[in-house]
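# Examining the three-dimensional arrangement
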Amino acid sequence: MTFTPAKILIFGGTGTIGQYITASLLRAKPAFQQLALFTSANTANTKTALLDKWKAEGLSVIVGDITNESDVAAAYNGVDTVISAVGRGVLQHQIDLLRLAEASGSVQWFLPSEYGTDIEHNAKSPNEKPHQLKLKVRKFIRENLKRVQVTYVVTGPYFDMWLDPIPGAEAAGGFAADRKEAYVIDEGEGKVGFCTMWDVGKFVAATLRHPEQSFGKALKVQSFIVTPNQVLAEYEKQTGSRWRVVKTPLDDIRALEAKFWEEGNPKATGITLRRIWAEGGTLYSKNDNEVLGLKPEDLDPLELGVKRSLNGGWKRDTF
Ligand SMILES: NC(=O)c1ccc[n+]([C@@H]2O[C@H](COP(=O)([O-])OP(=O)(O)OC[C@H]3O[C@@H](n4cnc5c(N)ncnc54)[C@H](OP(=O)(O)O)[C@@H]3O)[C@@H](O)[C@H]2O)c1
């Protein structure tokens, strides 16, 4: 019999990308039969307005501790599909979430927290520092999951976030709209495949509509593929003015990356990811958009991504 996800549980659904995923699933048409969110007591007490709004739209909220087995086992009762969007700091806890899913009688499908860089893109990927915990989760899945199906939704960088330069490491790339300054790597001609944050939600919803095509896969999905110079041209068009451009060789970014890791600077992860993206770590001969039935006209275009940035960017999004 064909599996159709009906009773869905989300971890990390109030987080940075989790909010886009939860909002997209809540408003998906036709609606999913049951949508529940597992969240910490801290979040339940601090994000009350958001949770109350979502509850009014049909979301069930379960308050618990993801490190507590009985809380998780109880939340899995009757659930057939689990979506994890937990943050980088708690990726390793997913091993327990997966073990408990396998032991549950009901969970049949699990989407681990990925929604980012392809951690198995090329021969260098296994050694990239930011990939280590996600690689560990994939290894656990390969070696231990027999019953539960898994899908990784690999979105590449979030366009909305990539536009914001990293303070103190601006050279690694980005666009400062307030001072009309662009930071590009090398000549700004390297292509990068992006997802807007709203499209991440759209892609996760579309994944749930295509279980058979998605089981056991790392789906590579993208809103659009553009060069920094194309992004710059769009900013210049929308602001009606020329921007100042700062060009930095990729080797200088590599040197900055090494220095940040050596100093224990928490911004090192961001620099490594930008270096990976600039090296072509988001490019494929073909992505998996079509597997999910999504065409370019279903997805956000570059123009909208830049327009949103000029209107204040992703931090002003509401759900
Ligand atoms: N492609 C990109 O450009 C990009 C950018 C950012 C993130 N990502 C990826 O997206 C995924 C989610 O990241 P995010 O930044 O959205 O996550 P986040 O906002 O940092 O955290 C998401 C949720 O995880 C739980 N959580 C976080 N830290 C915790 C802790 N120390 N203890 C217990 N629970 C904790 C919280 O959920 P509750 O309090 O509700 O339980 C939180 O709301 C990750 O896999 C990340 O690598 C990709």
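Criteria and thresholds
Residues numbered from 1 in each chain as written. Predicted model: local features only at pLDDT ≥ 70, side-chain atom pairs only at ≥ 80, totals over all residues. Heavy atoms only, no water. Helix = DSSP H or I, 4+ residues; strand = E, 2+ residues; numbered from the N terminus. Buried < 20%, exposed > 50% of the residue type's maximum accessible area, 1.4 Å probe, protein only. Contact = heavy atoms within 4.5 Å. Axes fitted to C-alpha atoms, helices over the stretch in contact; angles between N-to-C directions. Parallel < 35°, antiparallel > 145°, perpendicular 65-115°, else oblique. Left-handed = near helix turned anticlockwise from the far one by under 90°. Nonpolar A, V, L, I, M, F, W, Y, C, P; charged D, E, K, R; others polar. Pairing = 2+ DSSP bridges. Near = heavy atom within 4 Å. Polar contact = N/O pair within 3.5 Å; in protein donor to acceptor, adjacent residues only side chain to side chain. Areas by Shrake-Rupley, 256 points an atom, 1.4 Å probe, with all protein chains shown as cover. 1 Å grid on protein atoms, 1.4 Å probe; cavity = no way out; pocket = protein on both sides within 12 Å on 5 of 7 lines; lining within 4 Å. Sits in = over half its atoms within 2 Å of the grid points.

Named according to an unreviewed UniProt entry, the chain is NmrA-like domain-containing protein originating from Diplogelasinospora grovesii.

### A look at the environment of Gln132
Relative to the assigned elements, Gln132 resides in helix H6 (residues 132-144). A relative accessible area of 36% places Gln132 in the partly exposed class. Along the chain, Gln132 and Asp300 lie 168 residues apart, while their C-alpha atoms are 31 Å from each other. Setting aside residues no more than four positions away along its own chain, Gln132 makes contact with Pro126 and Asn127.

### A few points about the packing of helix H5 (residues 94-103) against H6
The interhelical angle for the contact between H5 and H6, taken along N-to-C directions, is 20°, at an axis separation of 10 Å. By the angle between their directions, the pair H5 and H6 is classed as roughly parallel. You can see that H5 and H6 cross each other, and the crossing is right-handed. Within the contact between the two elements, H5 uses Gln94, Ile95, Leu98, Arg99 and Glu102 and H6 uses Lys136, Val137, Phe140, Ile141 and Asn144. Here the contact of H5 with H6 is composed, by residue class, of five nonpolar, two polar and three charged.

### Observations regarding the sheet that holds strand E8 (residues 174-176)
A sheet is described by the order of its strands in space; here three strands give the open sequence E8-E9-E13, paired in mixed fashion. A single partner strand is all that each edge strand has here, and the edge strands are E8 and strand E13 (244-248). Neighbouring strand axes in the sheet, compared pairwise and without regard to direction, differ in orientation by 15° on average.

### Some details on the site of the ligand
In the region of the ligand, 22 residues are neighbours, and Thr39, Ser40, Thr43, Ser113 and Lys134 sit closest. At 2.5 Å, a side-chain N or O of Thr43 approaches an oxygen atom of the ligand. Within the backbone of Tyr115, a nitrogen or oxygen atom sits 3.3 Å from a nitrogen atom of the ligand. A total of 900 Å² of accessible area belongs to the ligand in isolation, and the protein chains cover 73% of it. When atom positions are compared with the pocket grids, the ligand is found to occupy the largest pocket. Residue composition of the shell around the ligand, by class: eight nonpolar, eleven polar and three charged.

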